[in-house]
Every structure is written in structure tokens, then in C-alpha cells.
Amino acid sequence: MDSAIPVVLFDLLGAIGNPLKVTFMTCWEPMEKIRFHNVLNERYITTFADDHISQFVEDINDHQTFLVVDLNCSGSTELLRSAKQLLYMKYRWMILNSAFLGDWNSSVTKDEQLEFYSTELKSLPLLVSSEIFIIIKASPTYFEVKQLYKIYEQESLSVEDFGIWDSGTFRDVRLGKVTSIRRLNLNGHTLKASMVVTDPETLNHLEDYKDKHIDTITKVNFILTNALVQYMGAVVNYSVVSTWGYLNTSSGEWSGMIGELSSRTADLGASPLFFTTDRIAVIEYVAMTSATRSKFIFRSPKLSYTENVFLLPFDDFVWLCIVVIIFLASGLLVITALAEWRFPHSAADSNDPSLLQPNFRDSLMMIYGATCQQGSSTVPKSIAARSITFISFVILMFLYVCYSANIVALLQSPSTKIQSLDDLLMSRLKLGVHDTVFNRYYFTHTTERTRKAIYERKILQPDGSESFIELEDGIDRIRQGLYAFHVEQGVGYKVMSETYQEDEKCGIQEIQYLQVIDPYYAIQKNSSFKEHVKIGLFRLNEHGIQHRENTNLYTKKPRCTGGGGKFVPVSLVDIEPALLAMVWGGGFTAAVFVIESIWWKAWQIFQDWKRSRVVKFA
């Protein structure tokens, strides 16, 4: 082989970007290997793998490996066939024929050498993402490095100039450094795209922005896919399926759009889908195109549904201070009453029920009545005691006014306590789910404790039915209150903005249920168009086209412009703590009455028994 070839290869590797390892799968003589090793080993790890020429063995460090194959060696063609998709993924390949690169033979022209490579390699999948290099010898000091590729397997090979080595100098003649940019134009190649449609009417409104809440994610990405394909210089044919696709555990096959991508029936998944671990093995996620999520949406319930509003007006320290005031004032009144009753007083005063008697029970009852703004049937006699009563009444009046005003505000306030799935599970809210294929799948297949409990206790009904309902019905139930509806945000908000009154748009809360990130655009696994699609989608995002379509088709959360909502009437739920206090108080009073009655009867019996004993012994 020409002694210049190792230098040509060394300069080519420098232009490519210096891979770490060069592996030769050839049948060369030891001296030939030593020549290449001496030139390349200065910068690269050079290995020779002659033991598996007829069968390709994948390298663990494939992304850093440059492979050299000599078609003049027997078994080389079988090696290339066994590489299959690795010819256009991961590896860079140098395919040469040492018979052309030996002593100069002017009878073998450049066209004949190129024709040889095209003929030998035409049946191999050297697709558009491949990095296949060949060396054409034009003279003893002039070599041309070219690349071969084809857009699809049935197409003939295209030839691309890469560089020229002339008398020891390598010149890069590429039109661009990035391969996928150089080969961006697919020359009208037809790409097949799979599209999920749940409503047949969607096919009539893919681009007119009508019924935006139906199959929204498909409509957004239909427009983006058309722009993407146009950017790539291709055309697209769509196939319509009714589901994104789920794994059939019995057959091991995928249905829907994923089934078409995994079977290579479709090149593009025109309806983005959620990122899950079981799908990674069969499809390729490329980019996020629709920032949409499904969540439980509900109107914040009244504060009384989650809190005891009768305890909220005052801080714990204030409640403590009120108790201290009551007992302190009662104690001071007892002291002053004892002092005043020590002075001489008339028989009329002693029999006057309106005068405060010197005992703690009456004093406590008097101050407690003042606390509840009920007044008192007794009054103290002395100026000191009346001063204590006056001050206590004024203080408790201000506290009562503050308490009453705060209670009115709290009864009209929404609750913000429901912030997590656990809160939602323990709340009084009823739950429903938008009846879609992916909602049914995720809710029925969840294994996480809280999410499974939500399905079993809130979604699954005692009669075996499930709360999967239509969109309009779920949004209307949210309006009525005490109902959380799991729906895609943009879809739900679109119906809300059109059907709710302005005040009904206030207090809207969201809680995410699905443990997934935003949906991603998907393509075939190991697709040769991966970089083309990725670059195209990033360009659509950078140029604002993606944002425009998402803004046009997805409705954002309605703004609250109704002044905080209408006046909310007080219901039984609001006064539940008061009713419970009345019930428990009545029960406690009845219990005390029964105990007192039993005690009095027992005491009477005991007294009768004592009297009978006295009479007997007398």
C-alpha cells in the first residue's frame, strides 16, 4: 500500500475531530500494520481486530472509535452486512480497497474506483446519518476523500466531497462541518407520520383552530410536523390511529402510534407522548414541543370545609390572653366582693339577688357572660368592683367586635389547604377524570400508594363504575364546587373561559397527578433522520413557530377579574363546629342531669335508711 495512506488517514482524523481510537479490521501483513501504527499511535489508540473480520463486534466505546475496513480482504463484505444499523449510527467508517492504493496504476481512473465502491456498497444501509469515508487515488501525491450515503435504502448512493490530500497537505472541502446540516435537504423523500386522533371530526379541523379543546396536542404537532418536513425538504404521509400505544403483556407487542414506530411503519410520531421508561427501548424521544400537562383542577372550597373558622380569628396567644382575663377579672371581683361584704349591710342588700355575692362561681359566670356579650344579672356594689367590671366589659367588647368581623371575612374566604395529592385524598371533594385513553391507562395502572388510593377510593365507585366523564360535564361540576376534575390544562381552561362567569374564574387550583414530564416528540428507534428532526424542531422553537402554535391552540388559566367572587351564603357546613358544640354541650348537660338525679335518689335512699335505723334503735 502507498506509504502516503497512513498520513492521509492521520490528516483526515484531524479534520473529523480526533476520535480516541482507530480500529483496523483488515488482513494486512505485519509490516503494513506497523507503518500505520507508527503514524497514528502518536495521537490515537490504534488496534487491529483481524480475528472478527467476518462478524462485526460492537465496541463499548463506540462513539470514540473510527473503523477501517479493507474490501480487498475476504470476509469484509460479510462484516459490513453484519454491522447493519451501526453503519449509520455511532461509528465512523473508512472503507477502502488496498488494491487501488498500492503502486500507481494510471489505468484505474477515479471514476472506476468510485464505481467500484458504489457497486460494492449499494446494498448496505449507508443512510443519511452515516459517516462512511472512501479514499480515491488520483496520482501518487494526490488523494481525494469522499463520503457515500443515501436518503433511504432503495435509493442509489450519493457522493459527497470531504477533503483533498495534495503533496502532504490536507484541505477540507466540505460545505459545512455538521453532517446533518449538509444533508438536510431530503430531496422530496416521503416520510410517514403516525397521528393520534380520538375524535373523527378532528381531521376536518387540523389547521383552522376550530374546536381547539379536542385533540389539541395532535393539532399543535400536525402544524409543527408540516413545518418540520418542509424545512427538511421532504413530504409527509399521515396515518391515523386512535391511541398513543400501550404494551400488550401477553403478546409483547405495542399498539397504536408506538406500534407503528416500533414496527418501522412510521418515521415520525406526529402526536407527542409522555416519557415513560418502558417506551425508551422501542422509540426515540427527540424534543418537547407541547408544554401541556394534565392536572386535577378545582375551585377552592370555602375555608370552613377544611378549617374550624371559629378558632381562626385569634392567634393561640390571644385565646390564652382571653382565658387569663376571664379568670383574673373573676378573681379580682371575688376579692373586692369579700371586702365589701365585710362592712355592715342592710337586710335588704343581703336578700337582693341583683348584687354580686362573694363567690368565685358567680364572678366567673358574670365575666363569661360579658365575654359572650350576654351581660349579667348581677352587679357589684363597690366602686372598685364596678371599675373592674367596667374595664373587663370594654376589653371584651373590643375582642368580640374583632372576632365577629374576622368571622364574617373567614366565612367568605376560600381555602388553600388542599395543596397535594394527600390533601386531595383526605378532602371532602369528589373526583372525576376526563374520559381519554391515556387517562384510563394511567389511573388503572398506577402503583404508587397515594395515587392508587385516589383511584380506589375516589374514582372507582362502590357499584364498580368509574368516574371517567365527558369534558363539559366535568367542567360544569367544577363550577358547582366541591369537585376536582382531572383534565388537560389547556383543554379544560378553554371550556372554562367560554362558559364560566367572571367571578367563577376565581380561586381555581391545580394539583398534578401524573408522574410524567411534558410530552415529547417521538421518532423511530435508531432512525437515520434523528439529527434532522432534532435540528428542525429546535429551529421551530427558536424562530417562535412552536410558541405561536401552542399559544393559538392552548388556553391559559383564566384570570380572576370578578372582584374575588360573589357573596357566599352561610351553610350548615360553616356552622358545623357551633352545632357540634351545641350537641356535645347538650349531651354533657343531659349526662350531668342524669348523674345528679341518680345521686339525689341515692342520697334520699341513704337518708331514709339512716332515719329508719335511728327509729329502730330508739
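Cut-offs applied
- Residues numbered from 1 in each chain as written.
- Predicted model: local features only at pLDDT ≥ 70, side-chain atom pairs only at ≥ 80, totals over all residues.
- Heavy atoms only, no water.
- Core = buried A, V, L, I, M, F, W, Y, C linked by side-chain atoms within 4.5 Å.
- Buried < 20%, exposed > 50% of the residue type's maximum accessible area, 1.4 Å probe, protein only.
- Helix = DSSP H or I, 4+ residues; strand = E, 2+ residues; numbered from the N terminus.
- Contact = heavy atoms within 4.5 Å.
- 1 Å grid on protein atoms, 1.4 Å probe; cavity = no way out; pocket = protein on both sides within 12 Å on 5 of 7 lines; lining within 4 Å.
- Points joined across faces, edges and corners; volume = space filled by probe spheres on them.
- Nonpolar A, V, L, I, M, F, W, Y, C, P; charged D, E, K, R; others polar.
- Pairing = 2+ DSSP bridges.
- Axes fitted to C-alpha atoms, helices over the stretch in contact; angles between N-to-C directions.
- Patch = residues over 30% accessible without salt bridge, like charges linked within 9 Å, V, L, I, M, F, W, Y side chains within 5 Å.
- Areas by Shrake-Rupley, 256 points an atom, 1.4 Å probe, with all protein chains shown as cover.
- Salt bridge = Lys/Arg side-chain N within 4 Å of Asp/Glu carboxyl O.
- Parallel < 35°, antiparallel > 145°, perpendicular 65-115°, else oblique.
- Left-handed = near helix turned anticlockwise from the far one by under 90°.

Draft legend 1. Geometry of the nonpolar core. The biggest cluster of nonpolar side chains holds 69 residues, and the ones touching the most others in it are F296, L424 and V533. Here this core takes seven residues from helix α6 (residues 216–231), the largest share from any one element. With near-sequence residues (within four places) excluded, L424 lies in contact with F296, F298, I418, L429, L431, K458, A484 and I511.

Draft legend 2. A look at empty space enclosed by the protein. Taken as a whole and judged by the stated rule, the model has one cavity of 30 Å³ or more. For the largest cavity, the calculated volume is near 30 Å³. Around the largest cavity, the lining residues are F274, R293, S294, Q512, L514, V516, I517 and D518. Looking at side-chain class alone, the lining of the largest cavity contains four nonpolar, two polar and two charged residues.

Draft legend 3. Representation of the sheet that holds strand β2 (residues 45–48) in the model. Strands sit in the order β2-β1-β3-β4-β5-β6-β7-β8 across an open sheet of eight strands; the sheet is mixed. The open sheet has two free edges, formed respectively by β2 and β8 (169–172), since each of these has just one partner strand. Strand after strand, the sheet turns through a mean of 25° between neighbouring axes, direction not considered. Pairing analysis gives four bridges linking strand β7 (residues 158–166) to β8, with the strands arranged antiparallel. The partner of G163 across the bridge, within β8, is D172. Strand contacts of helix α1 (residues 5–16): β1 (21–25), β3 (65–70), β4 (92–96), β5 (132–139), β6 (142–149), β7 and β8, with the helix running at about 115° to β7, the strand carrying the most contacts. This element, helix α4 (residues 110–121), spans β4, β5, β6 and β7 of the sheet and lies at about 155° to β5.

Draft legend 4. How the structure looks around a nonpolar patch on the surface. There is a patch of nonpolar side chains on the surface, built from F317, L320, V324, L328, L332 and I335 and spanning about 600 Å² of accessible area. Among the secondary structure elements, I335 is positioned in helix α8 (residues 316–340). With relative accessibility at 56%, the residue I335 sits in the exposed group.

Draft legend 5. Structural view of the environment of L80. Here L80 lies in helix α3 (residues 76–83). Taking the C-alpha atoms as reference, L80 lies 9.6 Å from P125; in sequence the two are 45 residues apart. Excluding residues within four positions of it along the chain, L80 makes contact with V69, L71, L87, W93, I95, L121 and L124.

Draft legend 6. Highlighting the sheet that holds strand β16 (residues 430–434). The mixed open sheet is built from five strands, whose spatial order is β17-β16-β18-β15-β19. Both outer strands of the open sheet, β17 (468–469) and β19 (508–512), are each paired with one neighbouring strand and no more. Two strands pair when backbone bridges link them, and β16 and strand β18 (residues 483–488) are joined in this way by four bridges, in the parallel orientation. Paired with V433 across the two strands is H486, which belongs to β18.

Draft legend 7. Looking closely at the packing of helix α15 (residues 471–480) against helix α16 (residues 489–499). In the contact formed by α15 and α16, the axes pass within 10 Å of each other and the chain directions differ by 60°. In terms of orientation, α15 lies oblique with respect to α16. The two elements α15 and α16 cross, and the hand of that crossing is right-handed. Of the residues in α16, those touching α15 at L471, I475, I478 and R479 are V491, G492, V495, M496 and T499. Looking at the contact of α15 with α16 residue by residue, the classes come out as six nonpolar, two polar and one charged.

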